[in-house]
Amino acid sequence: MSNRKNPSVVIIGAGMTGIALVVKLREAGITNITLLEKATDIGGTWRENRYPGVACDVPSHAYTYSFEPWPEWDKFLADGSQIHEYFKMVWKKYGVDKVTKLGQLVTSCSFDDNSQQWTIKTQAGDAYTADLLFSATGILHKPAFPNIPGLDSFAGITMHSALWDDSVEFKNKKIGVIGVGSSAVQLIPELIDMPGTDVTVFQRTPQWLVELKNKDYSTKDKAAFRADAGKMARVKKFALGIYQLGTTALTGDSLKDRLMHRLFAWNAKRYLEKSIADPVLREKLTPKYKFGCKRVVMNSTFYPAIQKPNAHLVTEGIEKITPQGIVTKDGKTHALDILVLATGFDPAAFMRPMNFTGRNGLSIDKAWETKIQAYRSLMIPEFPNFFLMLGPNSPIGNYSVIDMSEIQAEYCIKVIQRWQQGGLDVIEVKPEAVAQWRELLKSKMGHTVWKSGCQSWYLDADGDPLTWPDKWASWVKMMREVDFSVFKPGQATEKKAA
Ligand code: NAP
């Protein structure tokens, strides 16, 4: 039976969320923790995304844990490699490494109704039991491959942006890049600037770009951050303040919200107009959908790069891929040596493809047959004592994921503490709670810009946003309050009532 006093906890995924969870659970006195990581290194998305130019478009001082501000950032927008170093530093400094087991790819998690515990099995043949289970496997971790005829027939090298092969030599090569999303705009300028390359970008849909310039932090800047932690806090507050205005502009329907949206849209249009000299190229790069409908791309290197003589933007549409390269719908063959797929991720995978089963062997695929959903993004009926970190309708894509993870961790801890004190027999929400949650989302999503008629990874199969359809502030307010009436009474309480 589960041990409430000193519950055993398994967390899957030693990325930014898994590390934060260990730190926060320990602060709350929960110490019997095992953190399972599939890879031989920690760091999640920042371990996996190693393409040239990979960086974070959330300013570095805003992309840090609240409990570990860091004056050593080299840039206003940190490189992926330094973010990875930061997480490794925190992982060691807070002793999270002591409870981490690397090389443990979880293949199945199943809940046992009798013992009220989870059994977690890994590909390496190990098994763990846990009173409480967290999935911290991240959102955008499963690369999406385009369904283009002939993709496998390409004779050159094919590489997804999230599965980068460092051994490939790009010098003097003809490179094709499919996609112009946030990953593509970071890597395309780097490929264009490599010696002797010729880079063709295949764009299906143009993106709205917001100009976001980077800058190096000097030794003096870092010393100033070291001397005054308040300076780091102010940079963070300012940066996240702008992001909050962004969430207002994308989701709100008041006059002020709509004016804010117009201001952001005008700014993006002005940036395009002042950056792209050739009217034909400018027209090709001009989106025909509302600003923010797709995830806004923040960058300052793509527009200058795409106008260089060794860069080409192709918008004719891809017909097929052949051993030689890409054939576009106008019949032209674009001969290539290397094909880069900057084609994004499956945003609805969550913990899958794990074999994940709750009460009575109910699989997560079955539970999500009609809709991918979780109460407050975190909890699913019939999957007791389980928390899905950064689950569906978390406010992803428009704010710092670190703050999100910390707030979700704090919410989970409040629920766990109530269970530890005997206020809940089991941590399991009633199905009605999910229905109410759905109604809440429905009441808000109508006026979001994501429902304004474009294709994007924000939308689920029904065309509903998979992200929180309201302002950041409203999400924070909601997450600070736990409504315990949504939980199932559990067997002991039912017996008492009988
Ligand atoms: P993405 O935004 O989903 O972009 C994928 C690109 O590939 C789009 O341009 C898409 O075109 C294109 N594409 C996909 N399938 C295609 C096909 N069959 N034929 C032609 N084009 C195709 O993916 P991403 O750039 O990897 O970014 C995903 C998310 O990761 C971002 O939105 C962001 O949240 C996050 N990210 C963040 C950072 C950061 O700095 N914080 C950096 C990188 C990524 P369509 O638009 O026509 O579908």
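For the structure itself, look to the data block above.
Cut-offs and rules
- Residues numbered from 1 in each chain as written.
- Predicted model: local features only at pLDDT ≥ 70, side-chain atom pairs only at ≥ 80, totals over all residues.
- Heavy atoms only, no water.
- Near = heavy atom within 4 Å.
- Polar contact = N/O pair within 3.5 Å; in protein donor to acceptor, adjacent residues only side chain to side chain.
- Areas by Shrake-Rupley, 256 points an atom, 1.4 Å probe, with all protein chains shown as cover.
- Helix = DSSP H or I, 4+ residues; strand = E, 2+ residues; numbered from the N terminus.
- Nonpolar A, V, L, I, M, F, W, Y, C, P; charged D, E, K, R; others polar.
- Domains from an automatic or database assignment.
- Contact = heavy atoms within 4.5 Å.
- Pairing = 2+ DSSP bridges.
- 1 Å grid on protein atoms, 1.4 Å probe; cavity = no way out; pocket = protein on both sides within 12 Å on 5 of 7 lines; lining within 4 Å.
- Points joined across faces, edges and corners; volume = space filled by probe spheres on them.
- Axes fitted to C-alpha atoms, helices over the stretch in contact; angles between N-to-C directions.
- Parallel < 35°, antiparallel > 145°, perpendicular 65-115°, else oblique.
- Left-handed = near helix turned anticlockwise from the far one by under 90°.

Draft legend 1. Quick look at the site of the ligand. With respect to spatial proximity, 23 residues lie near the ligand, and among them Asp 57, Ser 183, Thr 205, Lys 294 and Trp 457 are the closest. A distance of 3.3 Å is found between an oxygen atom of the ligand and a side-chain nitrogen or oxygen belonging to Arg 295. When the ligand sits alone it has 900 Å² of accessible area, and the protein chains cover 84% of it. With three residues, helix 4 (residues 182–192) is the largest single contributor of residues to the shell around the ligand. Of the residues assigned to the shell around the ligand, the class counts are 11 nonpolar, eight polar and four charged. No fewer than three residues from each of domain 1 (9–142 + 346–497) and domain 2 (151–341) sit in the shell around the ligand.

Draft legend 2. The environment of His 447, seen in detail. On the secondary structure map, His 447 appears in the loop between helix 12 (431–445) and helix 13 (472–480). Those residues within four positions of His 447 in sequence are excluded, and the remaining contacts are Leu 250, Thr 251, Gly 252 and Asp 253. A polar contact of 2.7 Å, which involves the side chain of His 447, links it to the backbone oxygen of Thr 251.

Draft legend 3. Structural detail: the pairing of strand 15 (residues 325–328). Pairing of strand 14 (residues 318–321) with strand 15, which is carried by three bridges, proceeds in the antiparallel orientation. Note on strand 15: the bridge partner recorded for Lys 320 is Val 327. In the sheet, strand 15 pairs with strand 16 (residues 333–335) via three bridges, with the strands oriented antiparallel. The partner of Ile 326 across the bridge, within strand 16, is His 334. The antiparallel hairpin formed by strand 15 and strand 16 contains four residues in its connecting segment, where Gly 331 sits at a positive phi of about 90°.

Draft legend 4. The arrangement of empty space enclosed by the protein in detail. Using the criterion set out here, one finds two cavities of 30 Å³ or more in the structure. When its volume is computed, the largest cavity comes out at roughly 50 Å³. Around the largest cavity, the lining residues are Thr 247, Pro 395, Ile 396, Asn 398, Tyr 399, Trp 450, Thr 467, Trp 468 and Asp 470. Size it by volume and the second largest cavity reaches roughly 40 Å³. Lining the second largest cavity we find Val 180, Gln 203, Pro 206, Gln 207, Leu 209, Leu 285, Phe 302 and Tyr 303. Looking at the lining of the second largest cavity residue by residue, the classes come out as six nonpolar, two polar and no charged.

Draft legend 5. Quick look at the packing of helix 1 (residues 16–27) against helix 11 (residues 401–420). Two numbers describe how helix 1 lies on helix 11: the axes approach to 9 Å, and their chain directions differ by 40°. Relative to helix 11, helix 1 is oriented oblique. When you trace helix 1 past helix 11, the crossing you get is right-handed. When helix 1 is examined against helix 11, the residues Met 16, Thr 17, Leu 21, Lys 24 and Leu 25 are found in contact with a partner set consisting of Val 401, Ile 402, Ser 405, Glu 406, Ala 409, Glu 410, Ile 413 and Ile 416. Across the contact of helix 1 with helix 11, the residue classes break down as eight nonpolar, two polar and three charged.

Draft legend 6. Quick look at the sheet that holds strand 15. Read from one edge of the open sheet, three strands run 14-15-16, paired in antiparallel fashion. Edge strands, defined here as strands with exactly one partner in the open sheet, are strand 14 and strand 16. Mean inter-strand twist for the sheet, computed between neighbouring axes without regard to direction, equals 25°.

Draft legend 7. Fine view of the layout of surface pockets. Its boundaries defined by the atoms lining it, the second largest pocket holds a volume of some 570 Å³. Residue lining of the second largest pocket: 23 residues in total, with Val 210, Ile 242, Tyr 243, Phe 264 and Met 298 positioned closest to the centre. Elements that contribute at least two residues to the lining of the second largest pocket include exactly strand 11 (209–211), helix 6 (229–251) and helix 7 (255–275). With eight residues, the top contributor of residues to the lining of the second largest pocket is helix 6. Grouping the amino acids of the lining of the second largest pocket by side-chain chemistry returns 16 nonpolar, five polar and two charged. When residues of the lining of the second largest pocket are assigned to domains, at least three fall in each of domain 1 (9–142 + 346–497) and domain 2 (151–341).

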